[in-house]
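One letter stands for each residue in the lines below.
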Amino acid sequence: MKRGRADTSDPHLLEALSATDLIQSWQQDFGVDVAHLFDGIDQIELRADADTGRLDFLPRILGDAAFYQALRRFKWYHPDRKLEHVHAATRVQPGDLVLDIGAGNGDFAAYLTDADYIGLEQDPAAVQTARERGRDLRPDMMADWLQSKDFRSADLVTAFQVLEHVDDPNAFLTEMAQCLTPEGRMMVGVPDADSYVSRVPDLMLNAPPHHVSWWTEAALRKTLAKAGLHVVEVTRFPVEPWEYQLWWMAKFSGWMGARERRFGASLRLRKIIAFCLSWPLQWLAPPKQARGSTLLIEARKAGG
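If you're wondering where the values come from, they're calculated on a predicted model, not measured in any experiment. (Residues numbered from 1 in each chain as written. Predicted model: local features only at pLDDT ≥ 70, side-chain atom pairs only at ≥ 80, totals over all residues. Heavy atoms only, no water.)

(A) Layout of unusual backbone geometry. With an omega of -10 degrees, the peptide bond running from L58 to P59 counts as cis. Residue placement: P59 occurs in the loop between β3 (55-58) and α2 (65-72). The residue after P208, namely P209, is reached through a cis peptide bond having omega 5 degrees. By secondary structure assignment, the location of P209 is in the loop between β8 (180-191) and β9 (213-214). Even without a glycine there, the phi angle at Q161 is positive, about 55 degrees. Tracing the chain through its elements places Q161 in the loop between β7 (154-160) and α6 (169-178). Given a relative accessible area of 17%, Q161 falls into the buried group. One non-glycine residue, D202, adopts positive backbone phi at about 50 degrees. In this fold, D202 is placed in the loop between β8 and β9. Taking relative accessible area as the criterion, D202 reaches 2% and is therefore assigned buried. (Helix = DSSP H or I, 4+ residues; strand = E, 2+ residues; numbered from the N terminus. Buried < 20%, exposed > 50% of the residue type's maximum accessible area, 1.4 Å probe, protein only.)

Printed below as a string of C-alpha cells:
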C-alpha cells in the first residue's frame, strides 16, 4: 500500500500534493530526477503544525547529496552576496568562534575578520570546495560535533537557509543551542512564508524534496521558545539581486488572479507565463519598498 493518503476532514490539512506532479515539475523546471526520493509515496500533505503554526510537508521527503549537487550547478543557488551574511557579520566580535551549520561552501567566512570560523556541512562536494578556499569545514552532523574531541562552545551559531530543509526542526534548534556559550547568540535565516515567495505558483524550490517546512516570524518565535531560546532581534531585507526574477514572477502571477492551490499541474501554464514575462526583468530591481524573501532572527538562551 502506498503511503501519503490525505484525510480531507483534517482542519490542519491545507493542501494535498501529487508526488507525480512534483516529480514531473522538478524534471521540467530544473532537469533534476527526484523520482527515487518519492518511492512508495503518491501524495504529500501540506499541514499546519497545531503548536507553532509552521507549515510542514508530510511525510518529509529530504533531498540527498545527488539532489543538492544537481542544484549547485546553477550559479544562482549560491549567490556571491547575501544581505543576511552581511548583517550577521556585524554581530561578530574579534576573537569570537563562529559555528556555521549547513555551511554550504563556507561563504559566510568571507565576511568575517579576526574571528575563528568552523562550518558543518553534509555535502562532500561543498566541503571540498570550501577547503580548497582555505575554509574550515567539517563533514559532521551537529550531534557528532557536540561529541567531538574538537568541540568548543561558539559565541555565534548560524544557520542560513537551512531550517526549512531539516527533518526535525525542534531537535535541530535544540542542538544549535547546545553549541552556544552561555552568553552566545544564535542567528537563523529562513525564507519568509509571509513574503512574495509563497505566492509564486508551483515553485519547486519551495517544495519537497527541497523545502520541507515553511516559516513565518510567529512560527519561528514559537519553535525557538520550545528550544529554550528567546528572540532579541528580527531583521528583514529588501529584494536582493538573486531573487529579482522570483519577485517579478509572484507579481505577474498575482495579476493573473486568485488561485485555490499552491502546487499542481493546474498551475503549470500560469507558472510558464509568469516565468516568461519575468525573464526580461530579472536584472530590474523591484520598488525600494518591496520586501525580500529572507527572514533573519537572532536569539539567545533563556536568561542569557
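(B) Just the pairing of strand β5 (residues 116-120), in detail. Here β5 lies mainly inside the structure; four of its five residues are buried. With five bridges connecting them, strand β4 (residues 97-101) and β5 associate as parallel partners. Residue pairing in the sheet places L99 in a bridge with I118 of β5. As paired strands, β5 and strand β6 (residues 137-138) are joined by two bridges and run parallel to one another. In the strand pairing of β6, G119 is matched with L137. (Pairing = 2+ DSSP bridges.)

(C) Highlighting the nonpolar core. In this structure, W26, F38 and I44 are the most contacted members of the largest nonpolar core, which totals 39 residues. Residue assignment for this core shows that the elements contributing at least two residues are α1 (19-30), β2 (43-48), β3, α2 and α8 (244-255). Each residue touching I44, except ones within four places of it in the same chain, is listed here: E15, A16, L17, L22, F38, F57, L58, P59, I61 and P208. Counting 32 residues, the second-largest nonpolar core is a separate cluster that includes I118, L120, M142 and A177. (Core = buried A, V, L, I, M, F, W, Y, C linked by side-chain atoms within 4.5 Å. Contact = heavy atoms within 4.5 Å.)

(D) Quick peek at the packing of aromatic side chains. Summed over all chains, the structure comprises 16 aromatic pairs. Geometrically, the ring pair formed by W26 and F30 is tilted, given 5.4 Å between the ring centres and 45 degrees between the ring planes. Separated by four residues within a single helix, W26 and F30 lie in helix α1, roughly one turn from each other. As far as burial versus exposure is concerned, W26 and F30 are alike and both buried. Consider the rings of F74 and W76, whose centres lie 5.1 Å apart with planes at 20 degrees: the pair is stacked. On the basis of relative accessible area, W76 is assigned to the partly exposed category, the value being 37%. One aromatic cluster is present, built from ring pairs that chain together W26, F30, F67, Y68, F74, W76 and Y77. Positioned above the aromatic ring of W242 is the side chain of K82, whose terminal nitrogen or guanidinium carbon lies 5.0 Å from the ring centre. (Phe/Tyr/Trp six-rings, centres within 6.5 Å; stacked < 30°, edge-to-face > 60°. Lys NZ or Arg CZ within 6 Å of the ring centre and 35° of its normal.)

(E) Seen up close, α2. Within α2, the full set of buried residues consists of F67, Y68, A70 and L71. The arc enclosing the buried residues of α2, seen along the axis, measures out at 155 degrees, which places them on a common side. On its buried face, α2 sits against α1. (Arc of directions from axis to C-beta.)

Shape descriptors only; they carry no functional weight alone.
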